[in-house]
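Read off the chains here:
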Amino acid sequence: MQAISPIGVFDSGYGGLTVFKSIVQQLPQYDYLYLGDNARSPYGPRSFDTVYEYTLQCVQWFFAQGCPLVILACNTASAKALRTIQQHDLPKMPDSGNRVLGVIRPTTEIIGQFSQTGKVGILGTKGTVTSNSYPIEIEKFWPQLQVYQQACPMWVPLVENNEHNGDGADFFVQEYLQQLLAQDAEIDTLLLACTHYPLLHKKIQQYAPAGTRIVAQGDIVANSLVDYLQRHPQMEQRISKHALRHFYTTDDTRSFDEQASVFYGTAVQSQHLNLV
Ligand code: DGL
C-alpha cells in the first residue's frame, strides 16, 4: 500500500458500513481504511473489559497503519471503550496527536430536535443499553427530554445473517418495539443506536405507530465529522486525499465482500487482518 494517512472507520462487523457510506458521500476526497472485527462480533453481549480490549487493539492497528483519526462507527465500542481510550490510552502515546471519535456524542447533541412529545426511545445492543451512555449524555444537552431504552439482542444476528427482510425479523421487531412502547406510549422518536439497525428501518417503520420519527446515525455522524475537520485544520491537513478506500476484516474476506455491499451500497473487496 502506498504511504497514506487515512481516516480509520471501525465496527465490530458490517454495521459501521452504514455510517461509512454517509461519511464518504459527504467527504469523498479523503483516504479511508475500514475494519470490521467480524471474527469477534457481535460485541453487544460482551463485557466492558472485552469490548475495551478488542477495540483498543483495533485502534492501535489503525494507528500503526498511519491513521491520525479513527471513528468508532459502533455504539457498543463507543459506549464501552471510547472514554477509556481517550482518557487513559491516548495520553500514554506521546506526541502522536492522534484522535479517536465515537457516534454517541454527535447523536446526543441533536436528538432532542426530533421529538414533539419530548419522549425518545433508544434502541441498541445490550452493551449500549446497560452502559447507560445515552441517558447520561442526552441529559447534558437535553435535560427536559425523557429517555427510554430497549435492548434488541436479536437484531444484530438477524442483520449479520442477512435475515433482516425475513419473517423472523418481523417477529423480533414487533417484540422489542412493544416492550419499548409499553414503557410510554407517547414516545414519538426512535433512535437506531446501533449501526446495524438501519437495515431494519423499513420493518421498524412498519410496526412503529404512524408518525413515529426513526433516526439513523449515518448522516448525523458524517455531518459531525465535517464540522470537526473544519474546527481542527491541523488534523484535516494530516489526512491524505486520494479518495482511496481500503477494507479489512478479521474474518473471511469472501463472506465480508458478499455481505458488505448490502450495508455499503456498492461492491467492496476486502483484505484479511489477523488480530485474533
Ligand atoms: N454495530 C454495533 C453497534 O453499533 C454493534 C454490533 C455488535 O453487537 O457487535 O452497536
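Details of the structure are given in the entry above.
Residues numbered from 1 in each chain as written. Predicted model: local features only at pLDDT ≥ 70, side-chain atom pairs only at ≥ 80, totals over all residues. Heavy atoms only, no water.

1. Section: the overall build of the protein chain
So, step 1. On a plain count of helices and strands, the protein chain comes out with 13 helices and ten strands.
So, step 2. For 276 residues, the compact-globule formula gives about 19 Å, and the C-alpha radius of gyration of the protein chain, at 18 Å, lands near that figure.
So, step 3. The buried share of the protein chain, taken over its 276 residues, is 57%.
So, step 4. Accessible surface for the protein chain amounts to roughly 12100 Å². Of this, 47% is attributable to carbon and sulfur atoms.
So, step 5. Averaging the positions of the 19 positive and the 25 negative side-chain charges in the protein chain gives two centres separated by 5 Å. (Helix = DSSP H or I, 4+ residues; strand = E, 2+ residues; numbered from the N terminus. Rg over C-alpha atoms; globule rule 2.2 N^0.38 Å. Buried < 20%, exposed > 50% of the residue type's maximum accessible area, 1.4 Å probe, protein only. Areas by Shrake-Rupley, 256 points an atom, 1.4 Å probe, with all protein chains shown as cover. Lys, Arg positive; Asp, Glu negative; His and termini not counted. Charge placed at Lys NZ, Arg CZ, Asp CG, Glu CD.)

2. Regarding the environment of leucine 244
So, step 1. Take leucine 244: it is sitting in the loop between helix H12 (233–238) and strand S9 (245–249).
So, step 2. Residue leucine 244 is classed as partly exposed on the basis of its relative accessible area, which comes to 23%.
So, step 3. For the pair leucine 244 and methionine 154, spaced 90 residues apart in the sequence, the C-alpha separation amounts to 34 Å.

3. Comments concerning the side chain of aspartate 37
So, step 1. Along the chain, aspartate 37 turns up in the loop between strand S2 (32–36) and helix H2 (48–64).
So, step 2. Judged by relative accessible area, which is 0%, aspartate 37 ranks as buried.
So, step 3. With residues up to four places along the chain from it excluded, the contact list for aspartate 37 reads Phe10, Asp11, Ser12, Gly13, Tyr43, Tyr54, Cys58 and Thr250. (Contact = heavy atoms within 4.5 Å.)

4. Details of the sheet that holds strand S7 (residues 189–192)
So, step 1. In space, the four strands of this open sheet follow the order S6-S5-S7-S8, with parallel pairing throughout. Looking at the sheet topology across the chains shown, the edges are occupied by strand S6 (146–151) and strand S8 (213–215). Between one strand and the next, the sheet's axes are offset by a mean angle of 20°, whatever the strand orientation.
So, step 2. The strands that helix H9 (residues 167–183) touches are strand S5 (119–124), S6 and S7; relative to S6, the one it contacts most, it runs at about 150°. (Pairing = 2+ DSSP bridges. Axes fitted to C-alpha atoms, helices over the stretch in contact; angles between N-to-C directions.)

5. Brief notes about the site of the ligand
So, step 1. Contacts to the ligand come from 13 residues, most closely from Ser12, Tyr43, Gly44, Thr76 and His196.
So, step 2. Between the ligand and tyrosine 43, the relevant distance is 2.6 Å, taken from an oxygen atom to a main-chain nitrogen or oxygen of the residue.
So, step 3. Within the backbone of asparagine 75, one N or O atom sits 2.9 Å away from an oxygen atom of the ligand.
So, step 4. The protein chains hide 99% of the 300 Å² of surface that the ligand would expose on its own. (Near = heavy atom within 4 Å. Polar contact = N/O pair within 3.5 Å; in protein donor to acceptor, adjacent residues only side chain to side chain.)

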